[in-house]
Amino acid sequence: MKKLLLIILSVLLLLTFVSCKDRQGAPVGMKLASDRSKVDYSLYVPEEWLVDEASDFTRTHSVADVTSVSVYTFPVTEDADIASWWTSTYEPSIKGSLDKYALIEGEVKGAVDGVASLSYIITSLTTDSAGEIAYKHKLTVVKNNSKMYVIWYCSAIGENTNYYDANIETLDEILDAFAFSVLEAPAESEQIKNDKNTPEGMKLASNKKIVLYSLYVPNEWIIAQSDAMTLAYVSEQNKSSVSVMQWNLTEQTKTIDLWWQDYHKKELQNSFDTFTVLEEGIEGRVDGIDSKSYTYTVTISGTTYKYYATAVIDKGSLHLITYTSTEALYDETLPIVKDQILANMKFN
C-alpha cells in the first residue's frame, strides 16, 4: 500500500499531555502496541498481531489477514473541531496519497476512551506487481487536549475475501481498549543524541533511524515530534515552529516547481480560502543542494499565520522545511530559521 504522505500545517503547537486514564495491563488476549515513552496513548491489539517499529506513531498489522491499525497524532488549535479539520486539512492530504479515493460514509458519531469521536469510511485502490488490490478504511478521529488522534483501520477487500468485515469486531475491541495516557520518560538509550556535526549551542531534533536528514535546532527549543516528521518549537510562550516532511516524487512532480505549482499550492488553495502567496520560488541552497522558498499566509479563526517553506530535492525525495508563526512573532524568529536551522541542516 502506498505510503501516506500527510500534509500538516502546524499553526499553534499547544502540546499539553494530560492524563484521562490509563489501564494497567493489557486486556485478556491483547498486548500493548504503543510506546508510552513516545506517545500519549495506550493502543492494545491482539497478541498475534505484529507491531512495526514505532516512533511517534504506532502501526500494527495482522499476519494472517491483510489488515492494519495505525495511530497518528497532529497538533491543532484549541478551538479546532473534528469535522472542520477533516474537511479543510486531513481529507485533502489523504486524497493526494490514495489512488481512487472515495468517501463512503462520514461523520459517524462515537466515543474513544469517553471522548467524542467521528469516523469516516473510505475506499482506495493500489496497483502493484500482483495486480490491483482494493482497500477499505475506517478512520476514527478524536480530539483530546490540543491534538487530533487518527486511529486508521485498513483491510483488503475483494470478490473472494473481505478482511474488512472479518476483522471489524477486532477493531471494535481495539477502540474499546484504547486509552489516553501521559508520556513516560524514555530510556536513556532511546533518547536522540547529538552527533559529531551538531553545531555549538544547538541540538539534533530529527531521528536518524527514520529520516535521511539531520535537523538541528537551538538548545532551548522544544522537540515535539521526531518520527517521519520532525517538529520543534521555540518555547511554551512562543509556539513558532519548524517542521520537516518528505514527499516521494512522481513524473508529474519531479521538480520543485512542478511539485509546488501542480500539487502543493493547489492543495493549500483548496484547503484554505484565505491562502495568500507573498513570495514564491526564491532560490537558495541547503547543505549545498539547490532549494526554493515560498512565503505565504493563512487566516484561521481570525488569526493570521505566516509560513516560510523551503523545498529541497535529495535522493529522489522532496523535503519541505516549514517555519510557521503568527504575523506578530514571525520576524522575531525568522533569522534563527535562516541563519542557524537551515544553514546547518544536513542530508545523510
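Residues numbered from 1 in each chain as written. Predicted model: local features only at pLDDT ≥ 70, side-chain atom pairs only at ≥ 80, totals over all residues. Heavy atoms only, no water.

J.: An account of the sheet that holds strand 17 (residues 241-248) is needed here, citing residue identities and associated values.
T.: With antiparallel pairing, 7 strands are arranged side by side in an open sheet as 15-16-17-21-20-19-18. A single partner strand is all that each edge strand has here, and the edge strands are strand 15 (222-226) and strand 18 (276-286). Across this sheet, the average inter-strand angle for adjacent strands is 20°, counted without regard to direction. As defined by bridge partners, strand 17 adjoins strand 21 (residues 317-326) across 8 bridges and the pair is classed as antiparallel. Among the inter-strand pairings, Asn248 is bridged to a residue of strand 21, identified as Ser317. Its contacts with the sheet place helix 3 (residues 256-271) against strand 17, strand 18, strand 19 (289-300), strand 20 (303-314) and strand 21, and it is angled at close to 10° to strand 19. (Pairing = 2+ DSSP bridges. Helix = DSSP H or I, 4+ residues; strand = E, 2+ residues; numbered from the N terminus. Axes fitted to C-alpha atoms, helices over the stretch in contact; angles between N-to-C directions. Contact = heavy atoms within 4.5 Å.)

J.: Report on the nonpolar core, specifying residues and quantitative values.
T.: By size, the foremost hydrophobic cluster in this structure holds 25 residues, and its most contacted members are Leu215, Val242 and Met345. Looking at which element gives the most residues to this core, the answer is helix 4 (residues 327-344), with 5 residues. If near-sequence neighbours (up to four positions away) are discounted, Val242 is found in contact with Leu215, Trp221, Thr230, Leu231, Ala232, Ile321, Thr322, Tyr323, Val337 and Ile341. Formed by 24 residues, the second largest nonpolar core is a distinct cluster that contains Tyr44, Tyr153, Ile174 and Leu175. (Core = buried A, V, L, I, M, F, W, Y, C linked by side-chain atoms within 4.5 Å. Buried < 20%, exposed > 50% of the residue type's maximum accessible area, 1.4 Å probe, protein only.)

J.: Lay out the environment of Ala328 in plain terms, naming residues and giving numbers.
T.: Along the polypeptide, Ala328 turns up in helix 4. Considered as a pair, Ala328 and Lys306 are 22 residues apart in the sequence and their alpha carbons are 9.2 Å apart.

J.: Can you explain the pattern of salt bridges? Please cite residues and give values.
T.: Tallied over the full model, the rule gives 7 salt bridges. For Asp287, the salt bridge is made with Lys346, and the minimal N-O distance between the two is 3.9 Å. With a gap of 59 residues between them, Asp287 in the loop between strand 18 and strand 19 and Lys346 in strand 22 (residues 346-347) connect regions that are remote in the sequence. Residue Asp287 is classed as partly exposed on the basis of its relative accessible area, which comes to 32%. Here Lys346 falls in the partly exposed class, since its relative accessible area comes to 32%. (Salt bridge = Lys/Arg side-chain N within 4 Å of Asp/Glu carboxyl O.)

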